[in-house]
Structures are given as C-alpha cells and as structure tokens.
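Given next are the chains, with one letter for each unit.
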Amino acid sequence: MIHSVGNHLRRGLASVFSGRISRKSVSHTEDIGDTMADNKRYRNPTEVQMSQLVLPCHTNHRGELSVGQLLKWIDTTACLSAERHAGCPCVTASMDDIYFEHTISVGQVVNIKAKVNRAFNSSMEVGIQVVSEDLCSEKQWSVCKALATFVAHRELSKVKLKQVTPLTEEEKTEHGVAAERRRMRLVYADTIKDLLARCAIQDDLDSKDYSNMVPAEKTRVESVELVLPPHANHQGNTFGGQIMAWMENVATIAASRLCRAHPTLKAIEMFHFRGPSQVGDRLVFKAIVNNAFKHSMEVGVCVEAYRQEAETQRRHINSAFMTFVVLDEDDQPQKLPWICPQPGEGERRYREASARKKIRLDRKYIVSCKQAEVPLSVPWDPSNQVYLSYNNVSSLKTLVAKDNWTLSSEISQVRLYTLEEDKFLSFHLEMVVHVDAAQAFLLLSDLRRRPEWDKHYRSVELVQQVDEDDTIYHVISPSLSGNSKPQDFVILASRRKPCDNGDPYVIALRSVTLPTHCETPEYQRGETLCSGFCLWSEGDQLTKVSYYNQATPGLLNYVTTNVAGLSSEFYNTFKACEHFLLDNRNDLAPGLQTL
Ligand code: COA
Ligand code: ADP
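As the structure is a computational prediction, the values presented were derived from the model and not from experiment.

Asker: Outline the site of ligand 2, listing residues and values.
Answerer: Of all residues adjacent to ligand 2, which total 13 residues, the nearest are Arg220, Asn290, Ser319, Arg348 and Arg349. Between asparagine 290 and ligand 2, the recorded distance is 2.9 Å, taken from a side-chain N or O atom to an oxygen atom. Residue valine 301 places a main-chain N or O atom 3.4 Å away from an oxygen atom belonging to ligand 2.

Asker: So what about the pattern of salt bridges? Which residues, and what values?
Answerer: Where charged atoms from two side chains of opposite charge come close, those side chains can pair. The tally for this structure, following the rule as stated, stands at 33 salt bridges. A salt bridge links arginine 220 to glutamate 217; its shortest N-O distance comes to 2.7 Å. When its relative accessible area of 45% is taken as the criterion, arginine 220 is described as partly exposed. A salt bridge links arginine 449 to glutamate 452; its shortest N-O distance comes to 3.0 Å. Ionic contacts of the salt-bridge type, sharing partners, join the residues Asp96, Glu125, Glu174, Arg181 and Arg185 into one network.

Asker: Any chance you could break down unusual backbone geometry for me, citing the residues and the numbers?
Answerer: Of note in this structure, glutamate 138 is not a glycine but carries a positive phi near 65°. If you trace the backbone, glutamate 138 turns up in the loop between β5 (123–133) and β6 (140–152). The phi torsion at serine 412 lies on the positive side, around 45°, for a residue other than glycine.

Asker: Describe in detail the site of ligand 1, supporting the description with residues and values.
Answerer: Taken together, the neighbourhood of ligand 1 is formed by 22 residues, with Thr92, Asn121, Ser122, Ser123 and Arg182 sitting nearest. At a separation of 2.7 Å, an oxygen atom of ligand 1 approaches a polar side-chain atom of arginine 182. A distance of 2.9 Å separates a nitrogen atom of ligand 1 from a polar atom in the backbone of phenylalanine 273. For ligand 1, the protein covers 75% of the area, taking 920 Å² as the surface of the free molecule. If you list the elements that add at least two residues to the shell around ligand 1, you get β2 (90–95), β6, α4 (169–186) and α6 (240–259).

Asker: How would you sum up the sheet that holds β5? Please name residues and give values.
Answerer: Taken together, six strands build an open sheet; the order of strands is β1-β4-β5-β6-β2-β10 and the sheet is antiparallel. Of all strands in the sheet, those bounded by a partner on one side alone are β1 (48–53) and β10 (271–272). The pairing of β5 with β6 spans 11 bridges and is classified as antiparallel. In the strand pairing of β6, valine 130 is matched with cysteine 144. Relative to strand β4 (residues 109–119), helix α3 (residues 67–86) is tilted by about 40°, and along the sheet it contacts β1, β2, β4, β5 and β6. Its contacts with the sheet put α4 on β2, β4, β5 and β6, and the angle it makes with β4 is roughly 75°.

Rules and cut-offs
- Residues numbered from 1 in each chain as written.
- Chains lettered and ligands numbered in written order.
- Predicted model: local features only at pLDDT ≥ 70, side-chain atom pairs only at ≥ 80, totals over all residues.
- Heavy atoms only, no water.
- Near = heavy atom within 4 Å.
- Polar contact = N/O pair within 3.5 Å; in protein donor to acceptor, adjacent residues only side chain to side chain.
- Salt bridge = Lys/Arg side-chain N within 4 Å of Asp/Glu carboxyl O.
- Buried < 20%, exposed > 50% of the residue type's maximum accessible area, 1.4 Å probe, protein only.
- Helix = DSSP H or I, 4+ residues; strand = E, 2+ residues; numbered from the N terminus.
- Areas by Shrake-Rupley, 256 points an atom, 1.4 Å probe, with all protein chains shown as cover.
- Pairing = 2+ DSSP bridges.
- Contact = heavy atoms within 4.5 Å.
- Axes fitted to C-alpha atoms, helices over the stretch in contact; angles between N-to-C directions.

Here it is, written out as structure tokens:
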C-alpha cells in the first residue's frame with residue numbers, strides 16, 4: 001500500500017451548500033426514498049432561508065449593504081435553523097472567520113440559507129451561505145460563507161440535542177468535518193495565545209518615519225448601547241447578530257479615522273460570545289486601529305456589559321478583530337497611512353496584530369486550501385500545526401464521505417472501491433476484522449509498526465510527537481520500479497477517536513516538509529496528499545477497517561494494475577494487515593498506552 005503523489009492540495013472544506021444531491025448517496029436509505037426520488041424536492045429539514053431586498057436604510061455611505069445589517073440577518077437565519085433542530089431557544093456561542101468576497105448594492109437581493117451541519121451535546125454547528133442577486137440582470141454572486149455555533153438552552157434541564165442524520169454527500173462531508181472544526185474552535189483561544197507568545201515579532205517601529213504616521217489614539221472609539229426588547233429574543237437575551245452589528249459600527253468608525261475615507265470590511269476573525277447579555281444591559285463598545293499594513297488594517301473591538309445599578313461590575317462579553325481595506329473606484333485596495341501605537345498596551349496590540357496577520361494567512365491558506373495555489377507538501381511548524389492537523393483529518397473525512405465510490409472487486413471479503421474524479425483516482429480497501437476497534441486504532445496509528453505488515457514501509461522513524469494525537473514520521477519505502485531509488489516520506493499522522501456513536505476512528509496521513517528532514521540524494525522524495533484509515537466498530541471484537549488513498553498520475557500505473565486485477569498486491573498487503581491486527585489484538589501499542 002503506497003502513498004500517492006499529487007499536484008494539488010485537496011479541498012479542505014467542502015462548500016457549505018453544494019446544492020447537488022445524488023440519488024446514489026441516498027438509495028440505501030429507505031425511509032427517505034420517496035422524498036429523495038425527486039432530487040429537486042429534497043430539502044434538509046433544518047434548512048432555513050431568508051431573502052431581503054437591500055433598501056437605502058440598510059446601506060452605508062457607498063450605497064452598499066452595511067456588514068452589520070448583514071450579520072444581523074445571518075445570525076437570525078442561523079438561529080432559526082438551530083432552533084428548528086433543537087426545538088427550544090438557542091444563543092450564538094461563536095462565529096468562525098468570515099471573508100467577504102463581494103459587497104452588495106442597494107436594490108439587490110440578499111439570499112441567506114442556513115442549516116445545521118451537526119449537533120453535539122448542547123451545541124450545534126450551523127453552516128450559512130450568503131448569495132446576492134441582481135434582479136435586473138439575474139446575476140448571482142457568492143458573498144460569504146459562515147459557520148456559527150449555537151447553544152440550546154432549556155430553563156430547567158441541560159439540553160441533549162438529537163443527532164443530525166446526514167443524507168447527501170455534502171451533508172456527510174460537513175457532518176464529518178464539523179467534529180474536527182469543533183475541536184479546533186474549542187482550543188482556538190489557547191492556540192492564539194500560545195502562538196502570540198511564541199511568535200518572535202520583529203516590528204519596524206524604530207525605523208519608521210514618524211512624521212508620516214497617524215497616532216493610533218486618533219482612531220479610538222467608545223460607544224454605549226442600551227439593550228431594548230427589539231434587540232433581544234423572547235427570553236430577553238440579546239441577539240448575537242445585534243451585538244456583531246454594533247461592533248462593526250464602532251470598528252468602521254475607528255477604521256475611517258485612520259484612512260479618512262469609507263473603509264470596506266474584508267474579514268472578521270473567529271470569535272466567541274463569552275457570556276450572555278439581556279434587555280436592560282448597557283453595552284460599552286471600544287475600538288481602536290491596532291495596526292495598519294500597506295493595504296489593510298486590523299481594528300480590535302471589545303464589548304463589556306453592565307447593569308445600571310452596578311456600573312462598576314462590567315462583564316467582558318466579546319472581543320473581535322476585523323480587517324478593513326479602502327477601495328478606489330476600480331475596487332482596488334488603496335495604500336494606507338502607517339499607524340503610530342501608544343507605548344505600552346498600544347505597542348503590544350500593534351505587535352500582536354502583526355502576529356495575527358501571519359496566523360490568519362496560515363489559517364486561510366491551509367484550512368480553506370485553495371487547490372491550485374498550494375504546493376503539495378506544506379512546511380510544518382508550530383504556528384500552523386493546528387491547521388495542518390485539521391486539514392489532514394478533514395481531507396480524509398471529505399474523501400470518505402464521497403458518494404460515488406464504486407465497488408471494483410471483492411476477494412475473500414476484502415472489497416476494493418474506486419472513485420474517479422477530475423484529477424484523481426482514489427481507492428479504498430475494506431474488510432471486517434475480529435478485533436476491538438480501539439485496539440486496531442492503537443495498532444494502526446503507531447506507524448512504527450507498519451513495516452510489520454506493509455512491505456512498502458521498509459523503516460519508520462518517529463521524528464516528533466507533536467501532541468497526543470499528532471505525530472511526524474520519516475518513512476523509507478523501497479522503489480516502485482526496479483531501477484529507481486528508494487523513496488522517503490515525511491508524514492504527519494493525525495488520529496481521532498469517535499466524537500459520537502457511529503463515528504469512525506480516524507488515522508489521517510499527509511506529507512509535510514521539515515527543515516530537519518530535507519530531500520537527500522539517497523532517496524527520491526515521495527509525497528502523500530491524503531490517505532489513512534477509518535475504523536468503524538461493528539460490535540464487540542468486530543471492526544470494519546478501511547484504508548483510503550488518493551492516487552494521482554505519478555502512481556496511476558501501480559494503482560490501475562491492482563484495480564484491474566492484474567496484481568494482487570493490494571489484497572495481499574491488506575490481508576497482512578488483518579493478520580497483524582489479529583496477532584496483536586491483546587497488545588498495547590508501545591508509547592500509546594495513554595490513549
Ligand atoms: N465555540 C463554540 N462552542 C463553544 C465554545 C466556543 N468558543 N465554547 C463553548 N462552546 C460549547 C461547548 O462545546 C458546549 O457544547 P456541547 O454541549 O455540545 O459539548 C457548549 O458550548 C456549552 O459549553 P459549557 O462549557 O457547558 O458552557 P460555557 O460555560 O463554555 O458556555 C456558552 C458556553 C456559549 C453557553 C456561554 O459562553 C454563553 O452563554 N455565551 C453567551 C451566548 C449569548 O448570549 N450569545 C448571544 C449574544 S450575547
Ligand atoms: P487585547 O488587548 O489583548 O487585544 P482585549 O479583549 O482587551 O484584548 O481587546 C480587544 C481589542 O479591543 C483590542 O485589541 C483593542 O483593539 C480594542 N480595545 C480594547 N480596549 C480598548 C479601549 N479601552 N479603547 C479602544 N479600544 C480598545
């Protein structure tokens with residue numbers, strides 16, 4: 001079983017709504033047969049749509065829909081979708097990064113669709129898609145995609161939400177990847193804190209021409225809002241979208257004070273509503289430009305709440321960081337003035353804004369992985385570790401959720417499936433083994449044991465134990481053809497236990513590059529883009545073991561020979577894997593007993 005070489009990085013996040021529903025993906029699901037028979041009629045039961053005509057009262061000075069208004073509509077649509085699933089009131093817990101691709105003009109229509117991707121315990125991930133529509137030309141543009149987490153609240157008891165059952169390929173992908181996104185979200189604050197502490201920030205403050213700088217103090221804004229019934233739900237909790245709209249308002253004022261023009265909001269960084277606020281609360285919003293780069297600036301906003309009777313007891317509700325640009329008539333970003341931060345806190349925020357910019361780029365680059373722009377192997381370093389690990393697992397889950405896998409052959413209950421896509425031929429092998437799933441997971445996630453059953457792994461060295469679930473290995477593999485050099489791989493293995501009943505154990509493998517393990521003349525550097533194992537518990541001491549691999553033209557010959565039945569290497573290797581699992585079913589994999 002060999003790793004695949006590819007030219008493009010896989011799509012890490014499937015589109016929130018592909019709109020494509022395959023008959024094949026649901027043909028096995030009897031109870032929805034009728035509904036699904038007509039593809040057009042299928043609609044996710046949690047889907048909620050909102051359409052709004054953009055009127056002058058919704059727009060800014062440029063005649064464009066204000067992002068604050070859009071955030072209110074997004075939050076309302078998403079909240080209604082969450083409540084449809086939960087059957088009880090829900091509050092916004094967090095909003096992931098949002099990148100705005102287009103502005104929306106007065107007279108156009110905004111179409112918002114939201115649906116629950118996955119429910120966990122009391123929280124749900126809601127996927128939102130925003131499209132603008134020009135009624136005269138019938139053109140449509142994608143404006144942004146957003147992912148929000150809502151938490152369900154019942155007054156007397158803790159909520160345990162019912163699970164979402166994904167039916168279409170797109171729903172299955174989102175469902176699988178949502179668990180990985182949740183993992184990343186919950187450690188987000190710590191990750192950022194850690195990265196900021198670790199980032200050696202070299203600023204250019206000393207070398208700058210201070211005469212051409214705007215003092216950051218000039219951009220400082222403070223504003224207060226009284227939460228009234230129209231700003232809250234029927235339980236009196238302030239709508240998250242309303243708070244976001246107020247935040248955007250003060251951030252825009254701060255940004256305008258730097259550029260003395262009308263700025264455009266390009267991105268909002270992931271944030272978390274730390275605590276609730278209610279009708280009657282006073283909310284204080286504070287904003288300042290933390291740093292200005294050549295064509296963009298970061299504005300930070302912080303929100304505190306207090307009651308009239310206890311003004312000194314302020315609760316920190318939220319902090320967010322927004323990126324603004326100033327566009328000229330051709331929609332090109334204009335050059336911005338430099339900012340001169342206040343000594344102390346201001347300089348700290350200035351430096352942290354630079355570090356956040358790097359983190360933001362890393363995250364956008366790796367998490368959303370625009371295929372053609374990204375090299376196959378991404379350099380590993382501590383600042384992108386969380387995102388690479390996310391990308392590794394979500395790529396595999398996306399491959400697993402594909403609905404057009406076809407059974408190519410079956411020999412002695414080992415099934416070989418293939419998936420033909422534009423640029424990739426993928427395969428997966430599947431068998432049921434009489435071994436406990438957790439044990440199989442332990443044995444297979446320790447790549448050092450793979451040479452015991454896979455002759456394509458001649459030797460394996462553990463390079464770095466990144467954390468409990470992520471490990472980097474250096475693998476040496478014999479050459480594929482007689483006269484070429486042996487290959488070597490630097491592989492990040494990310495393993496995940498199931499999040500819910502029915503989830504598989506996942507061991508995802510992808511290549512990374514490491515400065516300590518550069519290419520050497522001795523070996524030909526091989527790369528794997530997306531491969532790994534999924535293990536489903538099928539009962540006591542019974543596990544369905546699946547190995548997935550996305551092969552690309554470099555390895556086509558090897559794969560097609562097996563797929564066409566001209567070689568039984570796949571089969572033999574997988575059978576050897578079965579024997580390895582059976583022989584070691586009572587072992588604990590060395591070094592992994594802590595699981
Ligand atoms: N992003 C996403 N979900 C988060 C989160 C974050 N940053 N922090 C916590 N959660 C989820 C948890 O995973 C948990 O989900 P689960 O039940 O499915 O496992 C759920 O929130 C509850 O977590 P818990 O640890 O019990 O509670 P908490 O003390 O962290 O509270 C909130 C989480 C969201 C309920 C709480 O911070 C809150 O009330 N925030 C204000 C919400 C609000 O009023 N929003 C509207 C605007 S003010
Ligand atoms: P941090 O200071 O670490 O960035 P905070 O949550 O305190 O985190 O604040 C978030 C952002 O809100 C700051 O980066 C800053 O841009 C803005 N902010 C905080 N306090 C003020 C203030 N007193 N006046 C203006 N803006 C503020």
